[in-house]
Amino acid sequence: MPPPTAVGFRLNAATGTHRGDRAYQQDQVAVIAHPRIDGCVMGIVADGMGGKSGGRKAADQVILTARQLFERYSPEDESPAELLGQITSEAHLMIKLTAISAEEEPHSTIASFVVSSDRSAYWIHSGDSRIYWFRGARLVKRSLDHSYVQRLVDEGQLTEAEASTHPQSNLLTACLGTVQDPTSSSERFEGLEVGDTLMCCSDGLWHYFTPQELGSVLYSLPPREAAELLVSKARQRARGGGDNLSIAIVKLENLD
């Protein structure tokens, strides 16, 4: 995908994905350049759950909904918050409709961000797929999982290190496709700078890295090489027991 350009910076983007050691690939990932607006791009990850095909159908629905709504997105008429909120609610509804017509219980996480040409960013997520914002190699902020172990961390009962090895670390407290309307969290950021990187990824990837490791790789390598290295290293560290994994990276760079 050729990087879209805007005054003062360009966006360099890449994605990576791997089935891991699972029989089926249920992750979906995309970086989508806006068809009409320079410097506007969306990154999105969906980690599907629910049977060998149910999870993939759910993740596919998230990406399909995102592509359709982003293509029609007009910043003059709606905000990134409205766009991402609509993607989340419509994908949730479509996944529920899929469940009615099939003997499956499809669910999916969502982690998505939009970078705008004014150097602002907005993100939304539901589940345990994560979004990270780095300035150089330094972590500025990351999303907080909707999971049982994140709740224990918030309550001071677990450390981040203990949470990563907890036997119930994969238990979610929110995702798309559930009976209840999904819990989602969103934030807006102003003043992105050249050298900043936004990344979203599924738990099959972030589980194997500290924020410091992620920041170092994203700072020192272009997005394509960074994605390849992180996927390869996650596979190595999984030692034959790895989940599906996916990653989307968008980096602000100087115009050449």
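Nothing here was measured: the structure is a model prediction, and the numbers come from that model. (Residues numbered from 1 in each chain as written. Predicted model: local features only at pLDDT ≥ 70, side-chain atom pairs only at ≥ 80, totals over all residues. Heavy atoms only, no water.)

Right, let's get into the overall build of the protein. Secondary structure summary: the protein contains seven helices and 12 strands in total. Here the C-alpha radius of gyration of the protein, 17 Å, is about what a compact globule of 256 residues would show, namely 18 Å. Principal-axis analysis of the C-alpha atoms places the extent of the protein at approximately 50 × 40 × 35 Å. The 256 residues of the protein split such that 51% are buried. In the protein, once contacts between residues fewer than 6 apart in sequence are set aside, the share between residues at least 24 apart is 71%. Carbon and sulfur atoms provide 48% of the accessible area of the protein, an area that totals close to 11,600 Å². Here the protein contributes 24 positively and 33 negatively charged side chains, and the mean placements of these two sets differ by 5 Å. (Helix = DSSP H or I, 4+ residues; strand = E, 2+ residues; numbered from the N terminus. Rg over C-alpha atoms; globule rule 2.2 N^0.38 Å. Buried < 20%, exposed > 50% of the residue type's maximum accessible area, 1.4 Å probe, protein only. Contact = heavy atoms within 4.5 Å. Areas by Shrake-Rupley, 256 points an atom, 1.4 Å probe, with all protein chains shown as cover. Lys, Arg positive; Asp, Glu negative; His and termini not counted. Charge placed at Lys NZ, Arg CZ, Asp CG, Glu CD.)

Further remarks concern the packing of aromatic side chains. Here the structure, examined in full by the defined rule, presents four aromatic pairs. Between Trp133 and Phe189, the aromatic rings sit 4.8 Å apart at their centres with planes inclined by 55°, giving tilted as the arrangement. Of this pair, Trp133 sits in strand S8 (residues 130–135) while Phe189 sits in strand S10 (residues 185–189), and the two are 56 residues apart along the sequence. Each member of the pair, Trp133 together with Phe189, is buried. Three or more aromatic residues link up through ring pairs in this structure, and these residues are Trp123, Trp133 and Phe189. The ring of Trp206 carries Arg130 above its face, with NZ or CZ at 3.4 Å from the centroid. (Phe/Tyr/Trp six-rings, centres within 6.5 Å; stacked < 30°, edge-to-face > 60°. Lys NZ or Arg CZ within 6 Å of the ring centre and 35° of its normal.)

All right, on to the state of the cysteines then. With the rule as written, the count across this model stands at zero disulfides. The thiol of Cys200 is not disulfide-bonded; the next cysteine sulfur, from Cys201, is found 7.4 Å away. According to the relative accessible area criterion, Cys201 is buried, its value standing at 0%. (Disulfide = S-S within 2.5 Å.)

Taken as a class, soluble globular proteins show a tendency for nonpolar side chains to be buried jointly. In this structure, Met42, Val62, Phe70, Leu83 and Ile87 are the most contacted members of the largest nonpolar core, which totals 25 residues. Looking at which element gives the most residues to this core, the answer is helix H1 (residues 54–72), with seven residues. Counting 21 residues, the second-largest nonpolar core is a separate cluster that includes Trp123, Leu192, Ala248 and Leu252. (Core = buried A, V, L, I, M, F, W, Y, C linked by side-chain atoms within 4.5 Å.)

Together, Leu93, Met94, Leu97 and Ile100 make up an exposed nonpolar region whose accessible area comes to about 400 Å². Of note, Leu93 is situated in helix H2 (residues 80–100). Judged by relative accessible area, Leu93 falls into the partly exposed class, the value being 49%. (Patch = residues over 30% accessible without salt bridge, like charges linked within 9 Å, V, L, I, M, F, W, Y side chains within 5 Å. Salt bridge = Lys/Arg side-chain N within 4 Å of Asp/Glu carboxyl O.)

This brings us to the environment of Glu104. Position of Glu104 among the secondary structure elements: in the loop between H2 and strand S5 (107–108). With residues near it in sequence (within four places) discarded, Glu104 still touches Ser53, Gly54, Lys57 and Ala99.

Further remarks concern unusual backbone geometry. With the exception of glycine, most residues fall at negative phi, and the peptide bonds are largely trans. For Arg119, which is not glycine, the phi torsion reads 70° and is therefore positive. In this fold, Arg119 is placed in the loop between strand S6 (110–115) and strand S7 (121–126). Despite not being glycine, Arg239 has its phi angle at roughly 50°, a positive value. Checked against the element boundaries, Arg239 lands in the loop between helix H7 (223–238) and strand S12 (245–253).

For the protein, the mean per-residue pLDDT works out to 92, and 96% of the residues sit at or above 70. Low pLDDT, under 50, characterises residues 1–6; the stretch is placed with 17 contacts to residues that sit more than four places away or in other chains. (pLDDT = per-residue confidence, 0-100.)

Inspection of the entire model under this criterion finds 11 salt bridges. The shortest N-O distance in the salt bridge between Arg22 and Asp243 comes to 3.3 Å. Here Arg22 is found in the loop between strand S2 (9–18) and strand S3 (27–33), whereas its partner Asp243 is found in the loop between H7 and S12, with 221 residues between them in sequence. What makes Arg22 partly exposed here is its relative accessible area of 43%. Judged by its relative accessible area of 19%, Asp243 is buried.

As a further point, take H1. In this model, H1 (19 residues) spans 28 Å end to end at C-alpha, consistent with the 27 Å of a helix rising 1.5 Å per residue. For H1, the set of buried residues is Gly54, Gly55, Ala58, Ala59, Gln61, Val62, Ile63, Thr65, Ala66, Leu69 and Phe70. Contacts made by the buried residues of H1 are with S3, strand S4 (41–49), H2, S5 and S6. (Expected span 1.5 Å × (residues − 1).)

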